[in-house]
Structures are given as C-alpha cells and as structure tokens.
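Coordinate analysis (summary)
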Amino acid sequence: MNASQQTLKAGTVMRVVIAEDAALLREGLTRLLEDRGHSVCAAVTDGDALLAAVAAHQPDVAVVDIRMPPTHTDEGLRAALTMRKAFPGTGVLMFSQYIETSYSAQLLEGGAAGVGYLLKDRVANVAEFAAALERVAGGGTALDPEVVSQLFRASRQRGGLATLTPRERQVLALMAEGRSNSAIAAELVVSGGAVEKHVASIFTKLGLPPDESDNRRVLAVLHYLGSPA
Amino acid sequence: MNEEIRRVTGIILCAPLTRRTVRELLYCGLGGLAGVAGFWITIVMLALGLTISASILGTVIGLLLLTLALRVSRRLGALHRRLAGWLLRYRVEAPPKFQPGTGILGRLDKRLRDRAAWRAVSYSLIKLPVAAVQLYATTTACIGLVDITYPVDWVLFRHQATGPMVVVFPFPFSGTFNVYGFAGTYLAALAGVVCVLAGTWLARAVNVGDRRLVRALLGPSSMAERVSELERTRTLAVEDSAAALRRVERDLHDGAQMRLAALAMNLGMAREKLDDDDATVRELLDAAHRNAVDALADLRDLARGIHPPALDNGLPSALATLAASSAIPASVSADVGSRPAPAIETIAYFCAAELMANAIKHSYANQIKINIFTERSGVLCLEVTDDGIGGADAARGSGLTGLAQRVSTVDGHLELSSPPGGPTTVTVKLPLRA
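Residues numbered from 1 in each chain as written. Chains lettered and ligands numbered in written order. Predicted model: local features only at pLDDT ≥ 70, side-chain atom pairs only at ≥ 80, totals over all residues. Heavy atoms only, no water.

In this section: the overall build of chain A. Within chain A one finds 11 helices and six strands. Relative to all contacts within chain A whose residues are 6 or more apart in sequence, the contacts with residues 24 or more apart total 67%. Split by element, the accessible area of chain A, about 9,200 Å² in all, is 53% carbon and sulfur. (Helix = DSSP H or I, 4+ residues; strand = E, 2+ residues; numbered from the N terminus. Contact = heavy atoms within 4.5 Å. Areas by Shrake-Rupley, 256 points an atom, 1.4 Å probe, with all protein chains shown as cover.)

Right under this line is the structure:
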C-alpha cells in the first residue's frame, strides 16, 4: 500500500514511536499523545533504537528528534532517512530546535508524503501539534511555517509568486505546510468557500493542475516552489 | 689618576671579602660538579642510544635511551638555571614546556624534535671545560684559605713537630714549596692571599662566560622559534574559543531550550484541560504560554548567533540555511574540498552572515551571491557579491573593519571592491587551519 494513499480517519488511535534523548520532552510527548488517546509503542533515545523499535512495532508514525547521541548533530535525520526507505508506510515527523534548509531538502527528497518537519516550539500548541502528527501518520505532510518561508525565499519562481495577492500567498503557505482547506479556513477565520476560491485562483495563476486530494495538492505546491518533493 | 688606581686596587683586593664572591665560588663548586656529572651522564646516554639504535634489533631501546637522554638534559638544564638564579642572581626564563604529541610515533617524534632539549644537551657538552675551570677556581680559593692559616697553625700545632711544612701553591697549575720556620709561614700566608684573589677573579671571569651559555642554551629560544611558539598558542586560543562557543550552544540546546520547550508543552496541555469558565486563570495561562514560546524563539536566535548548529555538517549546509533566511534573495555556490578546521568554518560563517547583513542594510541590492571554494594553494575563499549601489568604504566605520580584524586573527585577509554604482564584492581569504 502506498503511504500517500493510506488515510487515517479522525478519532483513530495512532500508534507512535518517539525518539528523543531529553527525558523531559520524551515523557511530555508520551503523556500528551496518550492523553489524546493515542498509543505510544516505544520511546527511545537514539537512532539505532528508533530503527529497532519501528521494526518491532510497525507504528503509524515516528516522532524523531534530529540531534541525538552519540554525536549530537543529525543522527535523528539519518535514522529517519533509513527508516523511510525500510518502512515507507510509517510517517516521520522530524522534531528539532532548528530549521535547517539542508535538512528539509534531504527529508523531502524522497517525497513529501508522510513527512513532517516541525520546530519543537510547535508542541506548545497541543491541538495543532496533534493534528500535524495525525496528518503525517495518514500519509500527509506537516511542514513548519519556517520551512515554508525558507522554501518561498529560496524558490526560483519569484515571478509567479509575485502575481499572487497577499491573501493568496498566505493560503499558498498554509497549503505548503500541508493543511487541508478546512484547516486553512479555520486558521484565516474565513469560510470554506472563500478558501476554495483562493485555491482555484492560485492554481490558475501558477499554472498548476487542480487536484482534489489534499496530499497531492501539497506535492504540487512544494514541487512548484522548487523543493525536490 | 692615582685615585683611580687606588680605587681599582681596593676593589680587586677587597673582592674576596664580599658575599658575592662567596656565592660565585659556591656556584663554581656546585655548578662545576653538576657540569662534570651532567657531561658524563649525557654523553654516555647519547652514545649508548645512538649506537644501540644503529643496530636493527636495538632500535627501540636505543630510541628510548635517546629520548631519556633528552628528558634528562632538560632536567639538568633546569638544575643549572636554578643554580644560576640562586647563586649568581642571574634569572633566565625557562624554555616553553614540552608539548607531547599523540600516538607512540607522534610522542617519539616530538621528543626527538624537542629543540629546547637538544640545546640543553649542547649546554651539557660545552659545560665540561667550563666546569673544569670553575672547579679549578674554587679549589684555588680553598687552598688559598688554608695557606693563609699557616702562621696560626705553626704557633698552635708545630711546637714538637719536625721537618718542613708543605705549602700547596697551585700556580702556574700545581706546585708545592716547603717552609722551615715561623717566618716562612708568612710567605705561605702571602701565597694564600694570592690564591684567594686569583680564585675569586677566575671564578668571576668564568661565571661571566657561563651566564652567557646559560642564557643562550637554557633560556627561551631564538625569535623565530618564539614566533612559531606564539603562532601555535594563538591557534590553540582560536580553536579553544570556537570549541567553547560550540559547547555553550550545546549546553543551551540540552538545557534551557529543552526545558523551555517542555514548559511550553506543559502549559499548552494545561490550557487544553482548563474549563472555559475560569477566565482569569486562562488569561494568565495564555500569557505564560505566550512568554514561553517567545522565550524559545529568542533563545534560538541567541544560540544561532553563538554557534549555528548546521556548521557541524559543514559550511555549505550552514550557508544554505543562512541564505534561505535572508531578506534579499541569496544564492550559495559551494565547492569546498576537505573540511577546514572548525574555528575557520566558524569565522567564515560569521563573515558571510555579517556581509549579508551589510548588503541588506546598505546596498539596496536585489540579489546576493555567496561563493565559497578552496583555492589550490589550500586557501579558503569566501566571496559575497551584491548587485546594489556600491560605494562601500571600509574606512567609514562600517562593520568591515571589525571583520578584517576577526579575519586577521588567523592570518586571513579581506578585500573589498565596491565602485560607486556597484556591484560590491567582498572577498575573504582564510587558511584551512587556524
């Protein structure tokens, strides 16, 4: 089954593996997810243990800290990339104090389906964080606003982006984060119809093929922005 | 003229009565003995070490003996320096401490190249003739002291003895004469005075030479070596500070940042669980939550300013993030072969950041290009070009002066080309090692 086709209905229990070396955050995340009725199969502290736990539990999604022992640089990312190859059905949410362009590029190289990259700050908004994790578990995408703004800045499509109205740019950014129309409507406090109108206008201006599926729409937007996804 | 002669004669004759003379003679005695012993210890160990290591089987033992000889020489040198400081009041700074290498071969290599130790060896070898003269001077003075006591000896001990009293008079090198009566002992005493005077002044003269040897061979080395020593310590200082900054960033990441993230998460969870009707508590909780999130963002910027974590993955990776966060479109092209030292990477990164900030602030540019590559000569080259208005002037108190200073701490340099109307190109050249 292709990861992008796999969907997770609202209210479904997610099976999650957490890889985070700081005990405080590891326990906090476990509690947060269990509070919301999800099941944390394993909470580990390094990349090798992550791969073992994913192999053992076959979870829906893994939350992975980028900096972990032994070198405290990017072992989380490397473990996640290995995991993506070995277990394409499992979503990966990278979780870091920093957004690095080279990390997001590597992460999105294999496609944006079932991939997330969020700043650790985002966990402060519990509902949004849980929603992002659910998206990733269901084969969707969850990119930090910071990742998206870096993609916008680095994009070679400045000409195309310049034709958009400020509101349309906002909607495009939220689409690139991986959000659905209803989530965008809630975020911008507008009606669902208004969002649909904006989306249609954006796709026409940028010359993108319209697509009903949220997941594939994200891919089209990211591809347009020049990310390898 | 007469005055002068009388003064000099006074100095010559009174010299033996000064404390300085006692110290100089003591130095001659102790230093001479140490010198003779040191000569033989050194030469035997060196000769053994060299001959044994010349044979194939004994290479290891021979080299060990050689390094031992070098270590002992350093110790002997320290002993001579201390004697000179204590007795001659002639203080010579010690040469730089030995810096051991890493690994067995590295250690051996460093030992064998230890210039301070080899200079100490040469002191030990040259010291032998000096020590001989020093011992001769001391002996002469001591014999002289004995000779001076002869008139008293005669009166006290010679009532019943027969035969002559033998007087040792070591001039020109050794000799004796006999005295047969009380009057003769005055001659012996006179010979004693001559010996004491001669010993005193010989000691002073030879010690002048010995001081020079101590300074030249046991002190800190020549200017060139001093410079290379300073370069080495500067590299250490630069690398040390880069490592310290990295450590601070890591401590922030594992400490304050992590705790704040957990705090924000807990506050977020508390907010979720709170009943809607408790408006005051909710307001307070919201404020606390907002503050925690803001503090996290502040702390992240601070940590990035201390040591950007992406630098751990190399300059291209770190510069890519830097360019992606720039307010003006920026592109990076990187072609760095082997990785420069961490301290150099840090300097290059902060140069690029500062130059980009300058371009954004002053140039009205539409595009910034960062180019980083390694020249064939092992020089790291960073070029930051913008298509702005140009006319940047390093002398006008811009950040460029500070940058040039920072770059010069590792012998790098900075070139500015900014004609009015642009484009502006700043080139920073850095060595690959600090």
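Bringing helix H11 (residues 342–362) of chain B into the picture now. The terminal C-alpha atoms of H11 of chain B, which comprises 21 residues, lie 30 Å apart, in line with the 30 Å expected from a rise of 1.5 Å per residue. Note on H11 of chain B: the residue one or two positions beyond its end, Tyr 364 of chain B, has a positive phi of about 55°. (Expected span 1.5 Å × (residues − 1).)

What follows covers the confidence of the model for chain B. Taken as a whole, chain B shows an average pLDDT of 88; of its residues, 97% reach a score of 70 or greater. Both scores are available for the predicted complex, with the pTM at 0.68 and the ipTM at 0.88. (pLDDT = per-residue confidence, 0-100.)

Moving on, we come to empty space enclosed by the protein. In the structure shown here, the tally under the stated rule is one cavity of 30 Å³ or more. Empty space within the largest cavity amounts to approximately 50 Å³. Lining the largest cavity, in full, are Ile 66, Arg 67, Thr 73, Ser 96, Tyr 98, Glu 100 and Tyr 103 of chain A together with Pro 309 and Ala 310 of chain B. Taken together, the residues of the lining of the largest cavity break down into five nonpolar, two polar and two charged. (1 Å grid on protein atoms, 1.4 Å probe; cavity = no way out; pocket = protein on both sides within 12 Å on 5 of 7 lines; lining within 4 Å. Points joined across faces, edges and corners; volume = space filled by probe spheres on them. Nonpolar A, V, L, I, M, F, W, Y, C, P; charged D, E, K, R; others polar.)

A few words on the interface of chain A and chain B. Opposite the 32 residues of chain A that make contact, chain B presents 34 residues. Across the chain A/chain B interface, buried area totals approximately 2,900 Å², and carbon plus sulfur atoms make up 55% of it. When residues of chain A are sorted by the area they lose upon contact with chain B, Arg 67, Gln 97 and Tyr 98 of chain A head the list and together hold 23% of the total. The interface formed by chain A and chain B holds five salt bridges in total. A salt bridge links Glu 249 of chain B to Arg 67 of chain A; its shortest N-O distance comes to 3.0 Å. Here chain A is connected to chain B by 16 residue pairs in polar contact (both at pLDDT 80 or more). Within the residue set of the side of chain A that touches chain B, elements represented by two or more residues are helix H1 (23–35), helix H4 (101–109), helix H5 (126–137) and helix H6 (145–154) of chain A. Sorting elements by how many residues they give to the side of chain A that touches chain B places H1 of chain A first, with seven residues. (Buried area = accessible area lost by both parts, 1.4 Å probe. Salt bridge = Lys/Arg side-chain N within 4 Å of Asp/Glu carboxyl O. Polar contact = N/O pair within 3.5 Å; in protein donor to acceptor, adjacent residues only side chain to side chain.)

In this fold, Ala 261 of chain B is placed in helix H8 (residues 223–273). For Ala 261 of chain B, a relative accessible area of 1% translates into the label buried. For the pair Ala 261 of chain B and Val 293 of chain B, spaced 32 residues apart in the sequence, the C-alpha separation amounts to 7.8 Å. Excluding residues that lie within four positions of it along the chain, Ala 261 of chain B makes contacts with Leu 25, Lys 120 and Val 123 of chain A together with Leu 296 of chain B. (Buried < 20%, exposed > 50% of the residue type's maximum accessible area, 1.4 Å probe, protein only.)

This next bit is on the nonpolar core. All names here are of chain A. Counting residues in hydrophobic clusters, the biggest one holds 53 residues, and the most contacted among them are Leu 50, Met 94, Tyr 117, Leu 172 and Met 175. If one sorts the elements of this core by residue count, helix H8 (residues 166–177) sits on top with six residues. When residues of this core are sorted by domain, at least three fall in each of domain 1 (3–143) and domain 2 (149–226). Among residues more than four places away in sequence, those in contact with Met 94 are Val 64, Ile 66, Gly 76, Leu 77, Ala 80, Leu 107, Gly 116, Tyr 117 and Leu 118. (Core = buried A, V, L, I, M, F, W, Y, C linked by side-chain atoms within 4.5 Å. Domains from an automatic or database assignment.)

Rolled over the atoms, a probe sized like a water molecule indicates the empty space that remains. Here the largest pocket is characterised by a volume of approximately 680 Å³. Around the largest pocket, the lining is made up of 26 residues, and of these Thr 101, Ala 154, Ser 155, Arg 156 and Gly 226 of chain A lie nearest the centre. Broken down by secondary-structure element, the contributors of at least two residues to the lining of the largest pocket are H4 and H6 of chain A together with helix H10 (315–324) and strand S3 (330–335) of chain B. Here the residues of the lining of the largest pocket sort into 13 nonpolar, 10 polar and three charged.

Residues and elements named next belong to chain B. Together, Val 152, Val 155, Leu 156, Phe 157, Phe 182 and Tyr 186 make up an exposed nonpolar region whose accessible area comes to about 620 Å². Counting residues per element, the nonpolar patch draws most heavily on helix H6 (residues 150–157), which supplies four residues. Tracing the backbone shows Val 152 in helix H6. You can call Val 152 partly exposed: its relative accessible area is 48%. (Patch = residues over 30% accessible without salt bridge, like charges linked within 9 Å, V, L, I, M, F, W, Y side chains within 5 Å.)

A separate point is the sheet that holds strand S5 (residues 379–386) of chain B. Residues and elements named next belong to chain B. Taken together, the five strands give an open sheet; going across it, the order is S3-S4-S5-S7-S6, and neighbouring strands pair in mixed fashion. Only two strands of the sheet have a single partner each, and these edge strands are S3 and strand S6 (413–417). Mean inter-strand twist for the sheet, computed between neighbouring axes without regard to direction, equals 10°. In the sheet, S3 pairs with strand S4 (residues 368–374) via six bridges, with the strands oriented parallel. Residue Ser 331 lies in a different strand from S4, and its bridge partner there is Lys 369. The strands that H10 touches are S3, S4 and S5; relative to S3, the one it contacts most, it runs at about 175°. Taken strand by strand, H11 contacts S3, S4, S5 and strand S7 (424–431), and its axis lies near 10° from that of S5. (Pairing = 2+ DSSP bridges. Axes fitted to C-alpha atoms, helices over the stretch in contact; angles between N-to-C directions.)

Residues and elements named next belong to chain A. The buried fraction of strand S3 (residues 61–65) is high, at five of five residues. Alternating residues of S3 divide into Val 61, Val 63 and Asp 65 and Ala 62 and Val 64, and every residue in both groups is buried. Both strand S1 (residues 15–19) and S3 contribute to a ladder of four bridges, which runs parallel. Counterpart to Val 16 in the pairing with S3 is Val 61. Note: S3 against strand S4 (residues 91–96), five bridges, orientation parallel. By the bridge assignment, Val 64 is partnered in S4 with Met 94.

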